[in-house]
Amino acid sequence: MFFAFSVGTALAPNLPAFFVFRILTAFQGTSFLIIGSSCLGDIYTPVERGTALGWFLSGALVGPAFGPFIGGIIVTFRTWRAIFWLQSALGGLATMLVLFLLPETIPRKKMDDFREFGRVQRIKKIAHLVNPLRVAILLFEYPNLIIAGIASSSLVWNMYSLLTPIRYVLNPRFHLTSPIQSGLFYIAPGCGYLLGSFFGGRWADHIVKKWMKKRGRRVPEDRLKSCLSSMGLVIPGCIIIYGWSVEKRVGGVPLPVLAMFVQGVAQLFCFPSLNTYCLDVMQAKGRSAEVVAGNYMIRYVFAAAGSAVVLPAIEKIGVGWFSVISCGFLLFSTSLVMLTTIYGERWRNGVDDKKRQRQLEKQSKPSASDTQV
């Protein structure tokens, strides 16, 4: 469907059709992120997942960074439709790779448990499984899952509010005149994401192993310790340096480029940690995919908001003060993550205890037939 809607976008005869096909393409696009993470959760043990997810997420993050650069080259020399023909080709290639090279990874299919039921009961159970409200309900039952979503959202907010206005902010600053020139600035964060993929996931797995030795057991929240320094120090520092160097026109081209590069590396120390935590924390209950889906749901709300408000906000208050706001959001989420590393296990156990208590009370209540007897 992603491939088909990409073709539709390339062939769009007018602007309304273009918007419709782009929305439909985006609707399918998130499935790669959720299913890919879930497959890695099936294959790799908790002490290896961070490294695997680091490589996986490098593709997801390098795309938004290098895409505008490639798009700038295309629109400089060819029509904009060529961008979506390229996207269609990539989507078609991915479809073929999945169909012919990706084996089934789940140990046991849930559909196998429904064979004994009748058709109507089976349809009801499948409808319950695919009910999108399950994602939202699970997310808001556990405080630590909400915090993981907020932390991911602060990173995505920063990422999209950084990448979206590059052309409109840096072109006047450095007197650039063509899309290909401004597209070159996307290489800096893209290279940072790529370099970070070599180290971020491995660092998260290293922290898990280190705390397993200290405690004698694995606690999912220990993984979050691997992203605290990047979220609380490195990325906020890069945000402030980038924003005010552009605002005050100091440092020339190297300073904002270096800030974007270091920030890209630091983000790949954060995303594998947060994403793998979402897989780890509900693995025993078989609901990891729902947790990952809920996390992406909340983070892309903020991605859309960041993309929408960044340009009006910059025009109103300037790049520097908008960077201060983004930095404040990131520091706030870092403090929540820090609390999760301390109290997260207690929060999870508390919610599970309440759910078990409600289940026991429900089972102990007499049924209508018992009452009549």
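Residues numbered from 1 in each chain as written. Predicted model: local features only at pLDDT ≥ 70, side-chain atom pairs only at ≥ 80, totals over all residues. Heavy atoms only, no water.

Another aspect to go through is the overall build of the protein chain. Helices and strands together make up the secondary structure of the protein chain, namely 14 helices and zero strands. Along the chain direction, N to C, the helices and strands of the protein chain fall in the order α-α-α-α-α-α-α-α-α-α-α-α-α-α. At 23 Å, the protein chain has a C-alpha radius of gyration in line with the 21 Å of a compact globule built from 373 residues. Overall, the C-alpha framework of the protein chain stretches about 85 × 50 × 40 Å when taken along its three principal axes. (Helix = DSSP H or I, 4+ residues; strand = E, 2+ residues; numbered from the N terminus. Rg over C-alpha atoms; globule rule 2.2 N^0.38 Å.)

Attention now goes to the packing of aromatic side chains. Enumeration according to the criterion identifies eleven aromatic pairs in this entry. Judged by centre distance (6.0 Å) and plane angle (70°), the ring pair of phenylalanine 18 and phenylalanine 19 falls under edge-to-face. For phenylalanine 18, a relative accessible area of 19% corresponds to the buried category. Ring centres of phenylalanine 18 and phenylalanine 84 lie 5.6 Å apart, and the angle between their planes is 80°; this geometry places the pair in the edge-to-face category. One end of the pair, phenylalanine 18, is in helix H2 (residues 15-43); the other, phenylalanine 84, is in helix H4 (residues 81-101), and 66 residues separate them in sequence. (Phe/Tyr/Trp six-rings, centres within 6.5 Å; stacked < 30°, edge-to-face > 60°. Buried < 20%, exposed > 50% of the residue type's maximum accessible area, 1.4 Å probe, protein only.)

What follows is about a nonpolar patch on the surface. Among the surface-exposed residues, Leu93, Met96, Leu97, Leu99, Phe100 and Leu101 lie close enough to one another that they form a single nonpolar patch of about 680 Å² accessible area. As for its placement among the helices and strands, leucine 97 is situated in helix H4. (Patch = residues over 30% accessible without salt bridge, like charges linked within 9 Å, V, L, I, M, F, W, Y side chains within 5 Å. Areas by Shrake-Rupley, 256 points an atom, 1.4 Å probe, with all protein chains shown as cover. Salt bridge = Lys/Arg side-chain N within 4 Å of Asp/Glu carboxyl O.)

With 29 residues, helix H10 (residues 187-215) ought to run about 42 Å at 1.5 Å a step, and its terminal C-alpha atoms sit 42 Å apart, in line with that. Maximum bend of H10: about 45°, positioned at serine 197. Among the residues trailing H10, glycine 216 stands out with phi positive, at a value near 85°. (Expected span 1.5 Å × (residues − 1). Bend = angle between axes of the 7 residues up to and from the residue.)

Their axes nearest at 9 Å, the elements H2 and helix H13 (residues 288-364) cross at an angle of 145°. As for the relative orientation of H2 and H13, their crossing is right-handed in sense. Along its contact with H2, which presents Thr30, Leu33, Ile34, Ser37 and Ser38, the element H13 presents Ala289, Val292, Ala293, Tyr296 and Tyr300. Residues belonging to the contact of H2 with H13 are distributed by class as follows: seven nonpolar, three polar and no charged. (Axes fitted to C-alpha atoms, helices over the stretch in contact; angles between N-to-C directions. Left-handed = near helix turned anticlockwise from the far one by under 90°. Contact = heavy atoms within 4.5 Å. Nonpolar A, V, L, I, M, F, W, Y, C, P; charged D, E, K, R; others polar.)

Before going further, it helps to spend a moment on helix H1 (residues 2-10). Burial analysis of H1 places seven of its nine residues in the buried class, which makes it a mostly covered element. Restricting attention to buried positions, one finds in H1 the residues Phe2, Phe5, Ser6, Val7, Gly8, Thr9 and Ala10.

Turning our attention to the confidence of the model for the protein chain. In this model, the protein chain carries a mean pLDDT of 84, and residues with pLDDT of at least 70 account for 94%. For the protein chain, the element scoring lowest by mean pLDDT is helix H14 (residues 368-372), at 54; H1 scores highest, at 94. (pLDDT = per-residue confidence, 0-100.)

Attention now moves to empty space enclosed by the protein. Following the criterion strictly, the structure yields one cavity of 30 Å³ or more and no others. Each pocket or cavity is described by its volume, and for the largest cavity that value is around 130 Å³. Of all elements in the fold, only helix H7 (143-163), helix H11 (228-247) and H13 reach the threshold of two or more residues within the lining of the largest cavity. It is H13 that contributes the most residues to the lining of the largest cavity, six residues altogether. A per-class count over the lining of the largest cavity returns nine nonpolar, five polar and no charged. (1 Å grid on protein atoms, 1.4 Å probe; cavity = no way out; pocket = protein on both sides within 12 Å on 5 of 7 lines; lining within 4 Å. Points joined across faces, edges and corners; volume = space filled by probe spheres on them.)

Mapping threonine 25 onto the fold places it in helix H2. The exposure class of threonine 25 is buried, given its relative accessible area of 2%. Ignoring any residue separated from it by four or fewer positions in sequence, one finds threonine 25 in contact with Phe2, Phe5, Ser6, Thr9 and Gln87.

A few words on the packing of H11 against H13. Contact geometry of H11 with H13 gives a least axis separation of 8 Å together with a crossing angle of 175°. Considered as vectors, H11 and H13 are oriented roughly antiparallel to each other. For the contact of H11 with H13, the class distribution of residues is 16 nonpolar, eight polar and one charged. (Parallel < 35°, antiparallel > 145°, perpendicular 65-115°, else oblique.)

Inspection of the secondary structure assignment puts valine 169 in helix H8 (residues 166-174). Assessed through its relative accessible area of 11%, valine 169 is described here as buried. In the structure, valine 169 is positioned 130 residues away from cysteine 39 in sequence and 39 Å away in space, judged by C-alpha atoms. Discounting residues that sit within four places of it in the chain, valine 169 has contacts with Val246, Ile314 and Val319.

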